[in-house]
Amino acid sequence: MTATPPTAAVSRPDRPANIQPADARGMALAVELLRAGEAVALPTETVYGLGADGLRESALAQIFEIKGRPRFDPLILHVTGLTEAEALTLDWPADARRLAAAFWPGPLTLVLPKRDAVPHLATSGLPSAALRCPAHPVMREVIARFGGPIAAPSANRFGRISPTTAAAVAAELGGAVPLVLDAGPCEVGLESTIIGWHEGEPLLLRAGGLPREAIEAITGPLRRPEAVESSPLAPGQLKSHYAPRKPLRVCEMGATTATTAPESHESTERVGLLTFAGLIPGGQARAGSFARVLDLSPSGNLAEAATRFFSALRQLDEDPAIDRIIATALPTHGLGLAINERLARAEHA
Ligand code: AMP
Ligand code: MG
């Protein structure tokens, strides 16, 4: 394939995506586009992000436009370190500093009161801003060379399955984004865990790629925003999200058997099963009734399941030999919590 010159790097939704390797040339092109106020798709350790200048309203507007994301859903600003995060926020609780020291760079987002430099569009008008210091070397290099915070939600159309490969970004956005930097599959595979504070108390605003238990070892027990009276709910946590185009049902599992009925499927319907640790709803004897079975981790490793989760869901969704999807719920500890929450929101008839 011949290299695409920078002059071709304009938004063309009707064209195929411009995927470039995340080498020095690719990163230079990404920085050039970011400086020009464009949005570009970038690899991170969580999922691929749609990045744009975090301090420029017109660039942020492109993110909302390309994703079809409602403007009430605020963005996460990505920075290279604590100093850069402090320049955008105020009033760090002691726990926020401890968490940043323990888990940055990594899949943890902190929501803190914002400084004036952060545009209202980045925070959907909220007085707080969401900050993350990513670990992926390409994302870090792009932010450092760009020289400022990069706002980057997942690089998918709003409400759809998050992309964990450049090909998945291309399937979602095509040429609507002028550049997709390809650095291979994402290592964590789930969006960041989001922590905020309400009257000094830490809240788990979103389960994600950093297990709740790891955070609680530092902060003590975390509450959910819905459990705290008068706390503003995390915006953007809409009930339906991460949704495949095909119907998806979640099946609660006991140790080896389904605890919710896997509801008999029409014999003519071809059902794809997304499972974990070899579990088959209704028992092993029913394995043959599924048109396709994808096991997120046959050995029962939750980190491996997280890495594979979104791409497996996408594979079943794109498989023409499958009409609908059944997914088994995972154990609720570690990364299982974040996967289950995504499954619950992906569920639809
Ligand atoms: P993502 O879609 O992965 O970019 O994550 C964005 C999510 O972070 C939003 O949907 C909110 O739930 C959360 N978030 C971002 N900014 C704030 C904020 N200022 N206050 C509370 N939650 C926020
Ligand atoms: Mg997203």
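In what follows, the structure referred to is the one given above.
Residues numbered from 1 in each chain as written. Chains lettered and ligands numbered in written order. Predicted model: local features only at pLDDT ≥ 70, side-chain atom pairs only at ≥ 80, totals over all residues. Heavy atoms only, no water.

(A) Spotlight on the overall build of the protein. Summing up its helical and strand segments, the protein has 10 helices and 14 strands in all. Computed over C-alpha atoms, the radius of gyration of the protein comes to 20 Å, within 12% of the 20 Å expected from 2.2 N^0.38 for 349 residues, which places it in the range of a compact globule. Seen through its C-alpha atoms, the protein measures out along the principal axes to roughly 60 × 55 × 30 Å. A buried classification covers 55% of the 349 residues belonging to the protein. The long-range share in the protein, meaning contacts at least 24 apart out of those at least 6 apart in sequence, stands at 67%. The protein carries 33 positive and 37 negative side-chain charges, and their two centres are separated by 3 Å. (Helix = DSSP H or I, 4+ residues; strand = E, 2+ residues; numbered from the N terminus. Rg over C-alpha atoms; globule rule 2.2 N^0.38 Å. Buried < 20%, exposed > 50% of the residue type's maximum accessible area, 1.4 Å probe, protein only. Contact = heavy atoms within 4.5 Å. Lys, Arg positive; Asp, Glu negative; His and termini not counted. Charge placed at Lys NZ, Arg CZ, Asp CG, Glu CD.)

(B) Up close: the sheet that holds strand β13 (residues 292-295). Strand order across the open sheet formed by four strands is β11-β14-β12-β13, with parallel pairing between neighbours. Two strands close off the open sheet at either side, each with one partner strand: β11 (248-251) and β13. Each strand axis lies, on average, 20 degrees off the axis of its neighbour in the sheet, ignoring direction. Packing against the sheet, helix α10 (residues 336-346) makes contact with β11, β12 (271-275) and β14 (324-328), and its axis sits at approximately 140 degrees to β11. (Pairing = 2+ DSSP bridges. Axes fitted to C-alpha atoms, helices over the stretch in contact; angles between N-to-C directions.)

(C) Molecular detail of the pattern of salt bridges. If you walk through the whole model with that rule in mind, you get 18 salt bridges. When the shortest N-O distance is used, the salt bridge between arginine 249 and glutamate 347 registers 3.1 Å. Within this pair, whereas arginine 249 is found in strand β11, its partner glutamate 347 is found in the segment after α10, the two being separated by 98 residues in sequence. Residue class for arginine 249 comes out partly exposed when judged on its relative accessible area of 30%. Here the salt bridges share partners, and the residues they tie into one network are Arg160, Glu172, Arg314, Asp317 and Glu318. (Salt bridge = Lys/Arg side-chain N within 4 Å of Asp/Glu carboxyl O.)

(D) Highlighting empty space enclosed by the protein. All chains considered together, the criterion is met by one cavity of 30 Å³ or more. Empty space within the largest cavity amounts to approximately 30 Å³. As for the largest cavity, its lining consists of Thr193, Ala207, Gly208, Leu210, Pro211, Arg212, Gly334, Leu337 and Ala338. Taken together, the residues of the lining of the largest cavity break down into five nonpolar, three polar and one charged. (1 Å grid on protein atoms, 1.4 Å probe; cavity = no way out; pocket = protein on both sides within 12 Å on 5 of 7 lines; lining within 4 Å. Points joined across faces, edges and corners; volume = space filled by probe spheres on them. Nonpolar A, V, L, I, M, F, W, Y, C, P; charged D, E, K, R; others polar.)

(E) Broad picture of helix α7 (residues 166-173). When we look at burial in α7, the residues that qualify are Ala166, Ala168, Val169, Glu172 and Leu173. Looking straight down α7, one finds its buried side chains confined to an arc of 155 degrees; they lie on one side. Immediately downstream of α7, the backbone of glycine 174 shows phi near 50 degrees, a positive value. (Arc of directions from axis to C-beta.)

(F) Examining the pairing of strand β9 (residues 193-198) more closely. A large share of β9 lies buried, amounting to six of its six residues. With three bridges connecting them, strand β5 (residues 108-113) and β9 associate as parallel partners. Its bridge partner being in β9, leucine 110 is matched across the sheet by isoleucine 195. As defined by bridge partners, β9 adjoins strand β10 (residues 201-206) across five bridges and the pair is classed as antiparallel. Paired with isoleucine 195 across the strands is leucine 204, a residue of β10. In this structure, the hairpin formed by β9 and β10 is closed by a connection of two residues, where glutamate 199 is found at a positive phi of approximately 50 degrees.

(G) Local environment of the packing of aromatic side chains. Taken as a whole, this structure holds three aromatic pairs when the rule is applied. The interplanar angle of 85 degrees and the centroid separation of 6.2 Å between the aromatic rings of tryptophan 92 and tryptophan 104 together place this pair among those described as edge-to-face. Residue tryptophan 92 is located in the loop between α3 (82-86) and α4 (94-103), and its partner tryptophan 104 is located in the loop between α4 and β5; the two are separated by 12 residues in the primary sequence. The burial state of tryptophan 92 is the same as that of tryptophan 104; both residues are buried. Among the aromatic residues, those joined into a ring-pair cluster are Tyr242, Phe309 and Phe310. (Phe/Tyr/Trp six-rings, centres within 6.5 Å; stacked < 30°, edge-to-face > 60°.)

(H) Structural context of the nonpolar core. The biggest cluster of nonpolar side chains holds 75 residues, and the ones touching the most others in it are Trp104, Leu108, Leu110, Ile195, Leu274 and Phe309. For this core, the element with the most residues is helix α9 (residues 302-318), which contributes eight residues. Once you skip the residues sitting within four places of it in the chain, leucine 108 turns out to touch Leu99, Phe103, Leu131, Arg132, Ser192, Thr193, Ile195, Leu210 and Ile215. Residues Leu42, Met139, Ala152 and Leu181 belong to the second largest nonpolar core, which totals 18 residues. (Core = buried A, V, L, I, M, F, W, Y, C linked by side-chain atoms within 4.5 Å.)

(I) Geometry of the environment of serine 289. The residue serine 289 is located in the loop between β12 and β13 in this model. Taking C-alpha positions, serine 289 is 9.4 Å from glycine 272, a pair spaced 17 residues apart along the chain. Within the structure, the side chain of serine 289 is placed 2.7 Å from the backbone oxygen of arginine 286, a separation counted as a polar contact. (Polar contact = N/O pair within 3.5 Å; in protein donor to acceptor, adjacent residues only side chain to side chain.)

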